[in-house]
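Summary of the model geometry
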Amino acid sequence: MPRSSALEPGHDDNGNFKTERNMDKIVIENLSLIYSDGAESLKNVSINIPVNTTTVLFGPAGGGKSTLLRVINRLNDLADVIHISGNVLLADNTNNFTNILDPQLDVIALRRRVGMVFARPIVLPLSIHDNLTYGLEMAGENDKMRLNEAVERSLQQAALWDEVKDRLDDPAAALSGGQQQRLCLARSLAFEPEVILLDEPTSGLDPISTGKVESSIQELKKLYTIVLVPHSVQQAARTADFAAFFLQGEMVEYGPGETIFINPRDERTASYIEGRFG
Amino acid sequence: MLTLIAVITVVPIIAIIIHIFMQGMSAVSWEFLTSFPRDGMQAGGILPAIVGTFFLTLGTAIISIPLSIGAAIYLAEYAPENRWTRAIRIAIINLAGIPSVVYGLFGLGLFVIFLNIGTSILAGCLTLSIMTLPVFISTSEQAFKSVPHSFRVVSISLGATRWQTIRRIVLPQAQPGILTGVILGLERAVGETAPILFTAAAFFLPQLPNSPFDPTMALPYHLFVISTQVPGMPIELQYGTALVLLTFIIGMNILATFIRSRARARRQW
Amino acid sequence: MQETQNWSEFIITRLIKIAGYSAIVFIGAIFFFLLKEGLNALTEVQFSALFSDRWYPIEGYYGLFPLLEGSLIVTIGATLISVPIGMGTAVFIAEVAPRWARDILKPLVEVLGGIPSVVLGFLGILVFAPYLRILLKLPTGLSAFTGSVLLAAMSLPTIVSIAEDALDAVPRSYRNASLALGATEWQTIWNVTVPAARSGIVTAIMLGIGRTIGETMTVMMVTGNAGVLFKGVASFFNPVRTMTATIAAEMGEVATGSIHYHVLFFIGIVLFMFSLVINITAYAFVIRTRKRSERILS
C-alpha cells in the first residue's frame with residue numbers, strides 16, 4: 001500500500017514536483033533495476049503519473065526510459081533482470097492500488113490494463129482485423145459482434161478507420177509504415193486499457209503520420225493515462241502535460257510541461273533541452 | 001581452376017541421373033509398379049517394395065514428427081540456457097552422427113529382440129524415427145528461430161501466454177520451414193537400408209503386409225538384394241528399381257525446394 | 001510469474017518439455033544397449049584376440065584389426081578426394097560463381113546428397129568397378145579405391161553445403177577491406193575469406209569424415225569384403241572390409257547371444273565411439289570459434 005505523503009500539489013524534499021495522491025494513476029517509489037549486462041538500469045526512481053494526462057519521459061539514449069515503460073507492463077520479465085526493488089503501484093478506478101512488482105501478480109491481466117506501442121510498427125502476420133482482435137481472442141472473447149465493435153472503435157480512436165474499413169481482411173503487412181503504427185496504436189486500445197505506454201511511437205514516421213499520432217494521443221488522454229517516450233525534445237514539448245528528465249538511469253527532474261521546458265530547475269535538464277548534449 | 005573443380009562435381013551427378021534414367025526407363029511400366037516379383041525376382045514388378053517403403057515412411061512420420069516438433073518447440077521457446085539444455089543439444093548432435101548400421105543394431109537389440117516386436121514394420125519405423133529425430137529437430141528449431149522475436153514480444157504485451165503465442169503466431173509462421181525439414185528428413189528415411197536390414201526387411205514376401213507387426217519388403221533393400229544376391233538378375237529390372245527409388249527421392253527434393261521458395265515469397269516479414 | 005492460463009496449456013507445456021528431454025533418453029538407450037550386448041565380447045574373447053589381425057568368425061578368430069584398417073583406409077582415401085573437390089566447389093559457389101550458376105549448382109549438390117547409398121553402391125557394382133578393372137587391369141574392381149571414390153561422392157554434399165554456408169557467413173566488410181587494400185579477388189579468397197570461415201570449414205570436413213566412417217551399404221557392395229590386412233600402397237586397389245560392412249553382412253546370420261553376436265555389437269560400440277569423438281570435437285570447435293567471433297565483432 002502506498003505510504004502517505006503530501007495530499008496537495010507542491011514539492012517534495014528533493015524539490016521535485018508532486019501531484020495530489022488521488023489524482024495518480026501510477027505511483028513509482030524507489031524503483032531500482034539492473035539488467036544482467038548492466039545496460040539501461042534504473043537507480044532509485046520515484047515518480048507519480050497522474051490520471052488522464054500525458055506524461056513524457058525524455059532524455060538521451062540509455063537513460064532508462066524504455067526500461068521504466070517495460071516495468072509498468074512487466075515486459076521486462078522477458079529480459080535478463082538480475083535485480084529489481086521498490087514499488088510500482090497501479091490504481092484502478094476505485095483508487096485501489098496493485099503492486100505491479102508482486103511476483104504473484106496476474107501479469108496477463110495486467111497487460112490488458114496497460115497497453116504498449118513500440119518504436120517500430122510491429123504488426124502481427126495476420127489480417128488487420130485479426131491484429132486488433134488478437135488480444136481479446138487470447139483473453140477468451142469469441143463473441144463476433146463484440147470483437148467487430150472493438151475493431152471499429154479502436155480504429156476510430158486511432159484515426160485509421162476511414163482508411164482501412166473496406167479492407168479489414170487484408171494482411172496488416174500491406175499497410176504503409178504510418179498506417180501500421182496507427183494500427184499498433186489501435187491494437188493497444190482494443191482492450192480499453194487504463195494506461196497506454198508509447199515508446200518512441202513516431203520514430204521513423206513521416207511528419208504527417210507523426211502529426212496524426214500526436215493528435216490521436218491528445219484525444220486519447222481524455223479516456224486513458226498516457227506515458228510517452230518521445231523521440232525528440234520538440235515532440236516532448238508539444239505533447240507533455242507532465243515531463244520527467246532521465247539521465248543514465250536517474251530521474252533528474254519532474255514537473256508540469258510548461259515548467260520543465262521553459263524554466264527547468266536542473267542544469268542538466270536545461271543543457272539537454274537546449275541541445276548542448278544528447 | 002575452381003570452375004574446373006565445380007565441373008568435376010557437377011558432371012558425375014548429372015551423368016548418374018541420366019544414366020539410371022536411360023537404362024531403367026524401359027523396365028518401368030504400369031505392370032512393373034503394380035505387380036509382385038516372379039521367378040525368384042527375375043521378372044515381374046516391385047509393388048510390395050513400393051508399398052513397404054510407403055508404410056515405413058508413413059510410420060516414421062507419425063512417430064517422429066510430433067516428438068521432434070515438441071522437442072524443437074522446447075529448445076526454441078522454453079529451454080533456459082543451462083547445463084541441461086546443452087546436454088540435450090549434445091545428445092541431438094550425437095544422434096545425428098551415429099552410423100545408420102549402428103541404428104540397425106540398436107533397433108535389432110531393443111525392438112526386435114528385447115521388446116519382442118520381431119522383424120516388423122513397427123520395429124523398422126521405431127528405429128527410423130530415432131534416426132530421423134535429429135534432422136527434424138534441427139530444421140524445425142531453425143524454422144522457429146527464424147520467426148522474428150518482435151512478434152513474440154508484441155504478443156506477450158497483448159496479454160497472450162507463451163503457448164498461445166506459439167500456437168497462434170510462431171507455429172503457423174514456422175510451418176513451411178518445418179515442412180521442408182520433414183520432407184528432407186523423410187527423404188533420407190526412404191533411401192536408408194541399414195536401419196531396416198535387421199529390423200523390418202524381408203527378402204521376399206508373397207503378399208502385402210497386413211499389420212505393423214509383419215515384416216515387409218522395401219525399395220532400397222530390394223535394390224540391394226537384386227543387385228547382389230540374385231544371380232542372373234536382368235539388368236533392366238535392376239535399373240528400373242533404382243530409377244523408381246531415385247524418382248521418389250528427387251521428387252521429394254523438388255517438393256521441399258518448391259515449398260521453401262514459395263514460403264519465402266509469401267512471407268509477411 | 002504466472003505463465004499458463006489453464007490446465008490444457010499446462011499439460012501441453014509439460015509434454016513439450018518431455019519431448020525436449022527425449023533426445024537424452026534415446027542416446028542413453030542406444031549407448032546402454034550397445035554396451036549391454038557388446039561388452040560381453042570383452043569377457044568372451046581375450047582382449048588381445050579382439051585386436052589381433054585375423055577376422056574369421058567361423059573358426060573363432062575375432063581380430064578387429066583388419067576391419068579397423070579397412071574403415072580407416074577407405075575413410076582416408078575418401079577424405080583425400082572429397083576435401084579438395086568439396087572445398088573447391090564450395091569456394092566456387094560462394095565466391096566465384098555468377099547467380100545463375102549458383103542457382104543450378106546448389107540444388108544439384110543437394111540432389112547428390114539425397115542419392116541413397118544403395119544406388120551408388122549399385123552403380124559401383126555395375127558400372128564403376130568393371131570400368132576400373134578394365135582401365136587399371138586389376139583382378140577385381142571391388143577395392144578400397146572404388147569404395148573411396150564412391151564415399152567421396154557421398155560426403156561431398158555435406159562438405160560443400162556446410163563449407164559454403166561458412167564462407168557465405170563471412171561479413172562482406174572483410175572482403176571489401178581486403179580489396180580496398182589492393183588485393184586481388186583470388187588473394188582475398190584464399191588469404192581472408194577462407195581463413196575467416198576456418199571453423200565452419202573444419203566442421204564441414206569433420207562431419208564429412210563422420211559420414212564416411214559410418215557409411216554401410218556402399219562399402220558393403222563395392223569394397224570386396226575381404227578382411228585382409230593392408231600391405232603397402234598397392235593394396236589400396238585390393239578388396240578390404242570395413243567395420244560397418246561387417247556388421248551389416250554378418251548380423252543376419254548370427255545366433256542371438258552367441259560370441260559372434262556380441263562381437264558385432266562390440267564393433268558397433270567402436271563405431272559409436274568414433275562418431276562420438278568426431279561430433280563432440282566438431283561441436284566444441286564451433287562453440288569455441290563462435291565465442292571468439294562474438295568477442296571480435298562486438
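Within each chain, residues carry numbers counting from 1 in the order of the written sequence. Chain labels run from A onward and ligand labels from 1 onward, assigned in the order the entries are written. Local features in this predicted model are restricted to residues whose pLDDT is 70 or higher, and side-chain atom pairs enter the listing and the counts only when it is 80 or higher, whereas totals over whole chains, interfaces and linings include all residues.

**Examining the overall build of chain B**
Across its full length, chain B holds 11 helices and two strands. The helix and strand labels rest on DSSP assignments: H or I over at least four residues marks a helix, E over at least two residues marks a strand, and numbering proceeds from the N terminus. Ordered by position in the sequence, the α and β elements of chain B form the string α-α-β-β-α-α-α-α-α-α-α-α-α. Here exposure depends only on C-beta density: within 10 Å of a residue's C-beta, 20 or more other C-beta atoms make it buried, 12 or fewer make it exposed, and intermediate numbers make it partly exposed, the C-beta atoms being placed from the backbone. Counting over 269 residues, chain B shows a buried share of 57%. For chain B, contacts bridging at least 24 residues in sequence account for 77% of all contacts bridging at least 6. What counts as a contact here is a pair of residues whose C-beta atoms, placed from the backbone, lie within 7 Å.

**Notes on the overall build of chain C**
Tallying secondary structure elements over chain C gives 13 helices and two strands in all. Counting only C-alpha atoms, chain C reaches 70 × 65 × 30 Å along its principal axes. Looking at the 298 residues of chain C, the share that counts as buried comes to 48%. Expressed as a percentage of contacts within chain C between residues at least 6 apart in sequence, the contacts between residues at least 24 apart total 76%.

**Some points on the interface of chain B and chain C**
With 63 residues of chain B at the interface, the matching set in chain C holds 66 residues. Three classes are used: nonpolar for Ala, Val, Leu, Ile, Met, Phe, Trp, Tyr, Cys and Pro, charged for Asp, Glu, Lys and Arg, and polar for all others, with Gly counted as polar. Classifying every residue of the side of chain B that touches chain C gives 45 nonpolar, 15 polar and three charged.

**Some remarks on the confidence of the model for chain C**
Residues and elements named next belong to chain C. pLDDT is a per-residue confidence score from the predictor, ranging from 0 to 100. Chain-level pLDDT for chain C is 85 on average; 93% of the residues reach the 70-or-more range. Element-level mean pLDDT values for chain C span from 76 in helix α3 (residues 47–50) up to 91 in helix α1 (residues 7–38). Overall fold confidence (pTM) sits at 0.86, and the ipTM for the predicted complex is 0.88.

**Some words on the nonpolar core**
Core membership is restricted to buried Ala, Val, Leu, Ile, Met, Phe, Trp, Tyr and Cys residues, and these are joined into a nonpolar core through C-beta atoms within 7 Å. In terms of nonpolar packing, the biggest core is built from 256 residues, with I72 and A243 of chain A together with V119 and A163 of chain C touching the most fellow members. Not counting residues up to four positions away in its chain, the partners in contact with I72 of chain A are I26, V88, I100, V114, V195, L197 and V227 of chain A.

**Considerations on the packing of helix α6 (residues 117–135) of chain C against helix α7 (residues 144–169) of chain C**
All names here are of chain C. An axis is simply a line fitted to the C-alpha atoms; with a helix, the fit covers only the stretch in contact. Between two such axes, the angle follows the N-to-C directions and lies from 0 to 180 degrees. Closest axis-to-axis distance for the α6/α7 pair is 10 Å, and the angle between their directions is 140°. It follows from the interaxial angle that α6 and α7 lie oblique. Our pair here, α6 against α7, has a crossing hand that is right-handed. Contact residues: S117, L120, G124, F128, A129 and L132 in α6; T146, L150, A153 and M154 in α7. Tallied by class, residues from the contact of α6 with α7 come to seven nonpolar, three polar and no charged. Our angle categories are set so that under 35 degrees counts as roughly parallel, over 145 as roughly antiparallel, 65 to 115 as roughly perpendicular, and the remainder as oblique. Handedness of a helix crossing follows the sense of rotation of the near helix relative to the far helix, less than a right angle counterclockwise being left-handed and clockwise being right-handed.

**Description of the sheet that holds strand β8 (residues 114–117) of chain A**
All names here are of chain A. Here we have six strands laid out as an open sheet, ordered β8-β9-β10-β5-β11-β12, and mixed in their pairing. Sheet topology places β8 and β12 (250–256) at the edges, where each strand pairs with a single neighbour. Strand-to-strand twist of the sheet, defined as the mean angle between neighbouring strand axes without regard to direction, takes the value 15°. Following DSSP output, two strands are said to pair if at least two bridges run between them.

**Regarding the packing of helix α8 (residues 172–180) of chain C against helix α9 (residues 185–196) of chain C**
Residue and element names in this part refer to chain C. One way to put it is that α8 packs onto α9 with a least axis distance of 10 Å and a crossing angle of 155°. With respect to α9, the element α8 is oriented roughly antiparallel. The crossing of α8 and α9 is right-handed. Seen from α8, the contacting residues are Y174, R175, S178 and L179; seen from α9, they are T188, V192, T193 and A196.

**Thoughts on the pairing of β12 of chain A**
Within a regular strand, the side chains alternate between the two sheet faces. Residue and element names in this part refer to chain A. Here strand β11 (residues 242–247) runs beside β12; their pairing, made up of six bridges, is antiparallel. Looking at the pairing, F242 lines up with P256 of β12. Turn length for the β11-β12 hairpin, with the two strands adjacent in sequence and antiparallel, is two residues, and the turn residue Q248 shows positive phi of about 50°.

**Section: the sheet that holds strand β7 (residues 97–99) of chain A**
Residue and element names in this part refer to chain A. In space, the four strands of this open sheet follow the order β4-β3-β6-β7, with antiparallel pairing throughout. Of all strands in the sheet, those with a lone pairing partner are β4 (42–50) and β7, marking the two edges. Ignoring which end each strand starts from, the neighbouring axes of this sheet average 10° apart. One ladder, built from eight bridges, connects strand β3 (residues 24–35) with strand β6 (residues 81–91); its direction is antiparallel.

**Regarding the pairing of strand β9 (residues 195–199) of chain A**
All names here are of chain A. Counting buried positions along β9 yields five of five residues, so the element is predominantly enclosed. Residues V195, L197 and D199 of β9 are buried on one face, and the alternating residues I196 and L198, pointing to the opposite face, are buried as well. Bridging between β9 and strand β10 (residues 225–229) involves five bridges; their strand directions are parallel. Note on β10: the bridge partner recorded for L197 is V227. With its strands directed away from the observer, a crossover is right-handed exactly when the path from the first strand over the helix to the second travels clockwise. Running through helix α7 (residues 207–220), the crossover from β9 to the neighbouring parallel element β10 is right-handed.

**A look at the environment of T193 of chain B**
Relative to the helices and strands, T193 of chain B resides in the loop between α8 (162–191) and α9 (194–197). Residue class for T193 of chain B comes out buried when judged on the 26 C-beta atoms lying within 10 Å of it. Separated by 117 residues in sequence, T193 of chain B and A76 of chain B place their C-alpha atoms 32 Å apart. Here T193 of chain B is in contact with P220, Y221 and F224 of chain B together with V118 and M217 of chain C, once residues within four sequence places are set aside.

**Overview of the interface of chain A and chain B**
Listed as interface residues are 16 residues of chain A and, on the opposing side, 16 residues of chain B. When its residues are assigned to classes, the side of chain A that touches chain B shows 12 nonpolar, two polar and two charged.

**Focus: unusual backbone geometry**
With a phi angle near 55°, R74 of chain A is a residue other than glycine that sits in the positive phi range. Among the structural elements, R74 of chain A can be located in the loop between α1 (65–72) and β6. In this structure, N116 of chain B takes a positive phi of about 60° despite not being glycine.

**What about the environment of S35 of chain B?**
All names here are of chain B. Take S35: it is sitting in the loop between α2 (30–34) and β1 (37–38). Given 15 C-beta atoms within a 10 Å radius, S35 is considered partly exposed. Once residues within four sequence positions are removed from consideration, S35 is found in contact with G44, G45 and L47.

**Here we look at helix α3 (residues 47–78) of chain B**
Note: α-helices contain 3.6 residues per turn, so residues at a spacing of three or four share the same orientation. All names here are of chain B. Helix span, expected: 1.5 Å multiplied by one less than the number of residues in the helix. Helix length check: α3 (32 residues) gives 45 Å between terminal C-alpha atoms against 46 Å at 1.5 Å per residue, within 8%. Here the bend at a residue means the angle between the axes of two seven-residue stretches, the one that ends at it and the one that starts at it. Of all the bends in α3, the greatest reaches close to 30° and is centred on S64; the proline P66 follows between one and four positions later. For α3, the tally of buried residues reaches 24 of 32 residues, placing the bulk of the element in the interior.

**Describing the environment of G86 of chain A**
All names here are of chain A. By the element assignment, G86 lies in strand β6. Judged by C-beta crowding, with 17 C-beta atoms within 10 Å, G86 ranks as partly exposed. Along the sequence, G86 and E200 sit 114 residues apart, while their C-alpha atoms lie 25 Å from each other. Leave out the neighbours within four places in its chain, and G86 touches E29, N30, L31 and S32.

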